[in-house]
Amino acid sequence: MAALIHKTLNANEPAPNLMDYRAMRATFSWDIACTERAGLPHGGLNIAFEAVDRWVASGQGEVAALRWLGKNGERRDISYTELARLSNRFAHSLEQLGIGPGDRVCVLAGRIPELYITALGTLKAGAVFCPLFSAFGPEPVRVRLVKSQARVLVTTTLLYQRKIREQRNNLPDLEHILLTDSDGSEPGTHSFHTLLETGPDHRSPPRTQPEDWALLHFTSGTTGTPKGAIHVHQAVVAHQLTGRWVLDLRPGDIYWCTADPGWVTGVSYGIIAPLVNGATLVVDEAEFDARRWYAILGRERVNVWYTAPTAIRMLMKAGTEATQGHDLSALRFMASVGEPLNPEAVTWSLATLGRPFHDTWWQTETGAIMITNYRTLDIRPGSMGQPLPGIEAAIVRRRPGGGVDRLEPGEEGELALRAGWPSMFRSYLDDAERYQQCFADGWYLSGDLAICDIDGYFWFVGRNDDVIKTSGHLIGPFEVENVLMEHPAVAEAGMIGKPDEFAGQIVKAFVALKPSYVPSDALRKELLGFARTRLGPAVAPRELEFMPDLPKTRSGKIMRRLLRARELGLPLGDVSTLESENPEEPDA
Ligand code: ATP
Ligand code: MG
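Rules used throughout
- Residues take numbers from 1 onward in each chain, read along the sequence in its written order.
- In the order they appear in the text, chains get letters beginning with A and ligands get numbers beginning with 1.
- Local features in this predicted model are restricted to residues of pLDDT 70 or higher, and side-chain atom pairs are both shown and tallied only at a pLDDT of 80 or more, whereas totals for entire chains, interfaces and linings draw on every residue.
- Note that the side-chain values use all heavy atoms of the structure and ignore hydrogens as well as water.
- Between N-to-C directions, angles span 0 to 180 degrees; the directions come from axes that are lines fitted to C-alpha atoms, helices contributing only their stretch in contact.
- In this text, helices come from DSSP runs of H or I with a minimum length of four residues, and strands from runs of E with a minimum of two, each type numbered from the N-terminal end.
- Roughly parallel covers angles under 35 degrees, roughly antiparallel covers those over 145, roughly perpendicular covers 65 to 115, and oblique covers all other angles.
- Here a crossing is taken to be left-handed if its near helix is turned anticlockwise relative to the far helix by less than a right angle, and right-handed if that turn runs clockwise.
- In what follows, residue pairs with any heavy atoms lying within 4.5 Å of each other are defined as contacts.
- Here a residue counts as near a molecule or strand whenever at least one of its heavy atoms sits within 4 Å of it.
- Residues adjacent in sequence count toward polar contacts only when both atoms are side-chain atoms; beyond that, a polar contact is any pair of N or O atoms within 3.5 Å, and within protein one must be able to donate a hydrogen and the other to accept it.
- Exposure was quantified through the Shrake-Rupley algorithm and a 1.4 Å probe, taking into account, for residues, occlusion by the shown protein chains and nothing else.
- To estimate the expected span of a helix, subtract one from its residue number and multiply by 1.5 Å.
- Throughout this description, buried means an accessible area under 20% of the type-specific maximum (1.4 Å probe, protein chains only), exposed means over 50%, and partly exposed covers the range between.
- By convention in these notes, a salt bridge is any Lys or Arg side-chain nitrogen within 4 Å of a carboxyl oxygen on Asp or Glu.
- What fixes the domain bounds is an automatic or database domain assignment.
- The buried area of a pairing is the accessible area, by a 1.4 Å probe, that goes missing from both parts when the two are put together, added over both.
- Here the nonpolar group is Ala, Val, Leu, Ile, Met, Phe, Trp, Tyr, Cys and Pro; Asp, Glu, Lys and Arg are the charged ones; every other residue, Gly included, is treated as polar.
- Here a Phe, Tyr or Trp ring, Trp counted by its six-membered ring, pairs with any other such ring whose centre lies within 6.5 Å, and the pair is stacked when the planes are under 30 degrees apart, edge-to-face when over 60, and tilted otherwise.

> When you look at the packing of helix α4 (residues 80-96) against helix α5 (residues 113-124) in this model, what are you seeing that I'm missing?
For any two helices packed against each other, one specifies the inter-axial angle together with the distance between the axes. For the pair α4 and α5, interaxial distance at closest approach is 7 Å and the crossing angle is 60 degrees. By the angle between their directions, the pair α4 and α5 is classed as oblique. Remark: the crossing between α4 and α5 carries right-handed chirality. Judged by residue contacts, Leu 83, Ala 84, Leu 86, Ser 87, Asn 88, Phe 90, Ala 91 and Leu 94 of α4 engage Ile 117, Thr 118, Leu 120, Gly 121, Thr 122 and Lys 124 from α5.

See the structure below:
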């Protein structure tokens with residue numbers, strides 16, 4: 001196991017927002033946290049108002065809310081005042097189109113300023129914002145538009161032509177299409193900017209209530225068909241708090257979340273949490289490129305950086321040279337989400353970037369960070385950390401007849417959260433039964449397996465569906481993958497259980513190598529031996545196959561169910577979110 005990382009506070013940096021985790025946990029209540037919302041002048045709550053207008057009202061409107069970095073080198077700042085104005089205009093446009101409370105507004109676009117204006121304007125109009133990942137092909141887009149019953153879609157001309165135009169007749173709910181770059185030549189569409197121009201800069205505050213629907217997010221589809229999770233305006237309380245305590249954001253910070261707003265992270269932490277905390281949000285339109293990323297971190301003087309294990313593994317693959325010539329000294333806090341963060345990645349970041357990545361665990365359904373490592377607390381690499389103040393987490397086992405039993409420290413079981421936090425999803429779209437199945441005895445059951453140690457740190461084991469049963473042992477893929485990742489040749493690793501006559505299942509490893517290594521029989525044996533020495537024969541993989549890349553969702557998660565299906569010749573299931581199925585350029 002990688003060594004504990006001790007934290008010492010740097011006197012040259014601002015003091016952490018959450019100084020004493022334990023004391024706060026002991027005294028925290030969501031009711032008190034709720035009083036920190038600005039709220040609406042006539043009562044009620046609105047995410048966009050909390051995120052933008054509040055800062056204008058308190059005299060900080062000239063601070064940059066968004067710093068947009070175009071893929072061709074453009075750089076544009078949009079202040080809080082301007083964002084308030086533009087989102088007011090967009091809310092007005094929606095109302096002119098007859099769109100109101102509860103209506104769904106989808107966006108299908110790359111990371112362009114119009115996406116952010118749409119998100120905030122939609123919320124101000126009391127409608128429900130639903131982002132669709134821009135690299136989806138026509139079919140996943142159609143399915144989500146139908147499921148969400150979207151009445152409005154904001155997109156670009158090219159995306160419209162490629163993915164929507166031909167199937168528009170099959171989308172009866174979709175009344176209005178707003179093109180962000182319209183030249184007026186596409187029949188049956190509106191120009192986003194012409195609509196904006198007609199709206200007023202100011203309008204009366206929104207009329208939304210805390211329990212009104214605000215966001216619809218489709219899950220990543222890692223384990224099956226993506227589900228549509230509904231969140232309400234009250235979620236902003238958790239966005240604000242986690243932004244402040246976990247990401248350690250404060251007004252004036254330069255903050256970069258690399259997740260695309262097509263997924264929940266890119267909205268909760270790529271739009272809402274940083275704005276609610278008064279930070280300047282860096283938005284990079286371009287795709288991953290190690291040198292470009294280091295250049296952005298250095299040039300923009302990024303203070304807080306939130307990214308994902310896949311991106312970190314790609315940075316590790318790119319080598320230390322890529323960091324050269326970039327001054328990363330402004331970085332104060334770095335965190336990761338979406339997949340287990342290998343201990344190797346934590347120690348690499350400390351050695352290469354001078355500070356560790358902090359793992360954070362949450363889901364589309366939880367709406368905000370739930371279990372995490374904090375700026376002030378020591379890191380146990382490989383652990384997801386500890387629950388947010390206000391969140392009760394436990395390891396449980398479902399009873400066959402219903403209900404759950406809590407397990408002891410060290411025992412492996414399902415990770416559960418006491419239901420009732422502000423950003424908890426309020427339903428799965430059109431699937432009340434599935435929603436009900438997520439709850440038992442007052443707990444939300446996450447579908448992830450984990451262990452809680454005696455000190456209250458949580459350790460991810462794997463998803464319910466990914467756990468391998470071999471010769472009477474239950475093996476979580478993460479632990480085996482971590483060990484292979486320690487080998488210098490390995491860039492990525494994914495494990496599955498393969499049926500075996502004697503053992504029930506054996507562990508089979510799929511490995512992608514770093515650029516300077518080539519697959520060979522000798523290397524395969526070496527890796528199997530390497531794993532056996534560290535894990536013992538019962539747990540170590542018996543088979544190992546090289547792949548150029550592992551199959552991943554568009555949001556960067558290894559799809560072990562696909563590795564399994566391919567290995568066993570089973571149907572692949574829903575592949576709408578698979579990276580290589582949708583090869584179009586995201587902003588095409
Ligand atoms: P689907 O529910 O459609 O299969 P998904 O669960 O991948 O897709 P998301 O809600 O985007 O969709 O992802 C949440 C899941 O990602 C978690 O349940 C967990 O399995 C994984 N995850 C997120 N953060 C972490 C983390 N820090 N460590 C381990 N796993 C994580
Ligand atoms: Mg899930």
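> What should I look at first to understand the site of ligand 1 in this one?
Taken together, 22 residues form the shell around ligand 1, and within it Thr 219, Gly 221, Thr 222, Thr 223 and Thr 364 come nearest. Here an oxygen atom of ligand 1 sits 2.9 Å away from a polar atom, N or O, in the side chain of Lys 227. In this structure, Thr 364 approaches ligand 1 through a side-chain N or O atom, which is 2.6 Å from an oxygen atom. Surface burial for ligand 1 is 95%, taken as the share of its 630 Å² of free accessible area covered by protein chains. Secondary-structure elements contributing two or more residues to the shell around ligand 1 are β14 (357-361) and β23 (458-463). Examining the composition of the shell around ligand 1, we find that three residues originate from one element, β14, more than from any other.

> Sorry if this is basic, but what is going on with α4 here?
Owing to its 3.6 residues per turn, the α-helix brings residues three or four apart onto one side. With 17 residues, α4 ought to run about 24 Å at 1.5 Å a step, and its terminal C-alpha atoms sit 24 Å apart, in line with that. For α4, the tally of buried residues reaches twelve of 17 residues, placing the bulk of the element in the interior. Two residues or fewer after α4 comes Gly 98, characterised by a positive phi angle close to 85 degrees.

> I'm lost on the pattern of salt bridges in this one. Help?
Opposite charge on two side chains makes pairing possible when the charged atoms of those side chains draw close. As enumerated under the stated definition, the model contains 45 salt bridges in all. The closest approach of N and O atoms between Glu 186 and Arg 165, which form a salt bridge, is 2.7 Å. Taken together, the positions of Glu 186 in the loop between β6 (176-179) and β7 (190-191) and Arg 165 in the loop between α7 (157-164) and β6 put the pair 21 residues apart, joining distant regions of the chain. Glu 492 serves as the salt-bridge partner of Lys 552, at 2.9 Å between the closest nitrogen and oxygen. Of this pair, Lys 552 sits in the loop between β28 (543-546) and α17 (560-568) while Glu 492 sits in strand β26 (residues 490-500); the two residues are 60 residues apart in sequence, bridging distant segments of the chain.

> Teacher, can you tell me more about the domain arrangement of the chain here?
In many analyses, interface size is given as the accessible surface area lost on bringing the parts together. When the domains of the chain are assigned, the result is domain 1 (21-451) and domain 2 (468-568). Contacts between the two partners involve 20 residues from domain 1 and, on the opposite side, 21 residues from domain 2. Where domain 1 abuts domain 2, roughly 1800 Å² becomes buried across the two surfaces, and 58% of that area is made up of carbon and sulfur atoms. Among the residues domain 1 hides against domain 2, the three largest losses belong to Thr 222, Arg 313 and Lys 317. Together they make up 29% of the total. Across the contact surface, domain 1 and domain 2 share zero salt bridges. For the pair domain 1 and domain 2, the number of links is seven residue pairs in polar contact (both at pLDDT 80 or more). Elements represented by at least two residues in the side of domain 1 that touches domain 2 include exactly α12 (309-318) and α13 (343-353). Broken down by element, the side of domain 1 that touches domain 2 gets its largest block of residues, three residues, from α12. Here the side of domain 1 that touches domain 2 is composed, by residue class, of six nonpolar, nine polar and five charged.

> In this structure, what is going on with unusual backbone geometry? I would like to understand it.
Peptide bonds are mostly trans, and most non-glycine residues show a negative phi. In this structure, Asp 248 takes a positive phi of about 60 degrees despite not being glycine. Relative to the helices and strands, Asp 248 is located in the loop between α9 (236-245) and β10 (254-257).

> In this structure, what is going on with the environment of Glu 412? I would like to understand it.
Turning to its location among the elements, Glu 412 is positioned in strand β19 (residues 412-418). Residue class for Glu 412 comes out partly exposed when judged on its relative accessible area of 26%. The sequence separation of Glu 412 and Val 396 amounts to 16 residues, and the corresponding C-alpha distance is 8.3 Å. Aside from chain neighbours lying at most four places away, what touches Glu 412 is Ile 395, Leu 407, Leu 449, Ala 450, Ile 451, Val 461 and Leu 474.

> Explain helix α11 (residues 290-299) to me, please; I cannot follow it from the model alone.
By the criterion of burial, α11 is predominantly enclosed, with seven of the ten residues buried. Taken residue by residue, α11 has Ala 290, Trp 293, Tyr 294, Ala 295, Ile 296, Leu 297 and Gly 298 as its buried positions. On the buried face of α11, the contacting elements are β1 (64-69), β10, β11 (280-284), β12 (304-307), α12 and α13. Positioned one or two residues after α11, Arg 301 has a phi angle of 55 degrees, which is positive.

> Teacher, can you tell me more about the packing of aromatic side chains here?
Centre-to-centre distance and the angle between the planes together describe a pair of aromatic rings. Overall, the coordinates contain 24 aromatic pairs when judged by the stated rule. Consider the rings of Phe 28 and Trp 245, whose centres lie 5.7 Å apart with planes at 70 degrees: the pair is edge-to-face. A residue pair is termed long-range when its members are at least 10 positions apart, and Phe 28 in the loop between α1 (21-27) and α2 (30-34) and Trp 245 in helix α9 qualify at 217 residues. Side by side, Phe 28 and Trp 245 carry an identical accessibility label, which is buried. Here Trp 421 and Tyr 444 contribute two aromatic rings whose centre-to-centre distance is 6.1 Å and whose plane-to-plane angle is 65 degrees, an arrangement assigned as edge-to-face. On the criterion of sequence distance, the pair formed by Trp 421 in the loop between β19 and β20 (427-428) and Tyr 444 in strand β22 (residues 443-452) is long-range, its members being 23 residues apart. Exposure class is identical for Trp 421 and Tyr 444. Each is buried. In textbook terms, an aromatic cluster arises when at least three aromatic residues are bridged by ring pairs, as seen for Trp 421, Phe 425, Tyr 428, Tyr 435, Phe 439 and Tyr 444.

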